[in-house]
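Topology and contacts: notes
This is what each chain is made of:
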Amino acid sequence: MKIIIPYHLKELLENLAAKYKDEFTMFGKTRIEGENTYLLDVRVPHQSSGGAATEVSEDERVQFMEELLAAGEPMEHWNMWIHSHNTMGAFWSGT
């Protein structure tokens, strides 16, 4: 399985990582074709973040979903939860 990220979203992810001094969470819209997952869009919800943690509260998740629904977005495609590691190296989370 591969995650396919188009160049414009790769640039957006790099810009977001450079913009935020702390960790941050974003949600991704995907399409699955065969064994590949295609990232179509990402959005950063309201959240509480720090240097080693990020949290999107239940109220913030509900608000995010309501905004997507109001924009006519099908919720089943917003199925990827992503978070940055800021200045930490990448590793598999214990969570």
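Chains are numbered independently. Their residues run from 1 in the order of the written sequence. In keeping with the predicted nature of the model, local features appear solely for residues at pLDDT of at least 70, side-chain atom pairs appear and are counted solely at 80 or more, and the whole-chain, interface and lining totals rest on all residues. Side-chain measures here rest on the full set of heavy atoms in the structure, leaving out hydrogens and waters.

1. A few points about the overall build of the chain
Of regular secondary structure, the chain possesses two helices and six strands. Helices and strands in the chain line up, N terminus first, as β-α-β-β-β-β-α-β. Only protein chains enter the accessibility calculation, which uses a 1.4 Å probe. A residue is then buried if its area is under 20% of the maximum for its type, exposed if over 50%, and partly exposed in between. Buried residues in the chain amount to 25% of all 95 residues. At a minimum sequence separation of 6, the contacts of the chain that also span at least 24 residues come to 61%. Strands are runs of DSSP state E lasting at least two residues, helices are runs of H or I lasting at least four, and both sets are numbered from the N terminus onward. Throughout, a contact is declared for two residues whenever any of their heavy atoms are within 4.5 Å.

2. Here's the deal with the confidence of the model for the chain
The predictor attaches a confidence to each residue, called pLDDT, with possible values from 0 through 100. Across the chain, the average pLDDT comes to 83, with 83% of residues at 70 or higher. The secondary structure element of the chain with the lowest average pLDDT is strand β4 (residues 48-49), at 68, and the one with the highest is strand β3 (residues 36-43), at 92.

3. Considering helix α2 (residues 58-70)
Here α2 contains 13 residues, and its C-alpha end-to-end distance of 18 Å stays within 8% of the 18 Å for a straight helix at 1.5 Å per residue. Along α2, the residues that are buried comprise Glu60, Phe64 and Leu68. For α2, the angular spread of the buried residues around the axis is 75°, confining them to a single face. Looking at α2, the residues exposed on the side facing more than 90 degrees away from the buried face are Glu58, Asp59, Glu66, Leu69 and Ala70. Following α2 by one or two positions, glycine 72 adopts a phi angle in the positive range, close to 80°. For a helix, the expected span equals 1.5 Å multiplied by the number of residues minus one. By construction, the arc corresponds to the directions joining the helix axis to the C-beta atoms.

4. Details of the packing of aromatic side chains
Two aromatic rings, drawn from Phe, Tyr or Trp (for Trp, its six-membered ring), form a pair once their centres lie within 6.5 Å of each other, and the interplanar angle then sorts them: stacked below 30 degrees, edge-to-face above 60, tilted otherwise. A complete count under the given rule lists three aromatic pairs for this structure. Between the aromatic rings of phenylalanine 27 and tryptophan 81, the centroid separation amounts to 4.8 Å while the plane-to-plane angle is 85°, which identifies the pairing as edge-to-face. With phenylalanine 27 in strand β2 (residues 25-33) and tryptophan 81 in strand β6 (residues 78-83), this pair connects stretches of sequence that are 54 residues apart. Between the aromatic rings of phenylalanine 64 and tryptophan 78, the centroid separation amounts to 6.0 Å while the plane-to-plane angle is 85°, which identifies the pairing as edge-to-face. One end of the pair, phenylalanine 64, is in helix α2; the other, tryptophan 78, is in strand β6, with 14 residues separating them in the sequence.

5. Describing the sheet that holds β3
Only strands joined by at least two bridges in the DSSP assignment are considered to pair. Strand order in the open sheet made by the four strands is β1-β3-β2-β6, with mixed pairing throughout. Both outer strands of the open sheet, β1 (2-4) and β6, are each paired with one neighbouring strand and no more. The sheet shows a mean angle of 40° between the axes of neighbouring strands, taken without regard to direction. Geometry is summarised by axes, namely lines fitted to C-alpha atoms with helices restricted to the contacting stretch, and by angles between N-to-C directions that run from 0 to 180 degrees. Those strands touched by helix α1 (residues 7-19) are β2 and β3, and its axis lies near 50° from that of β3.

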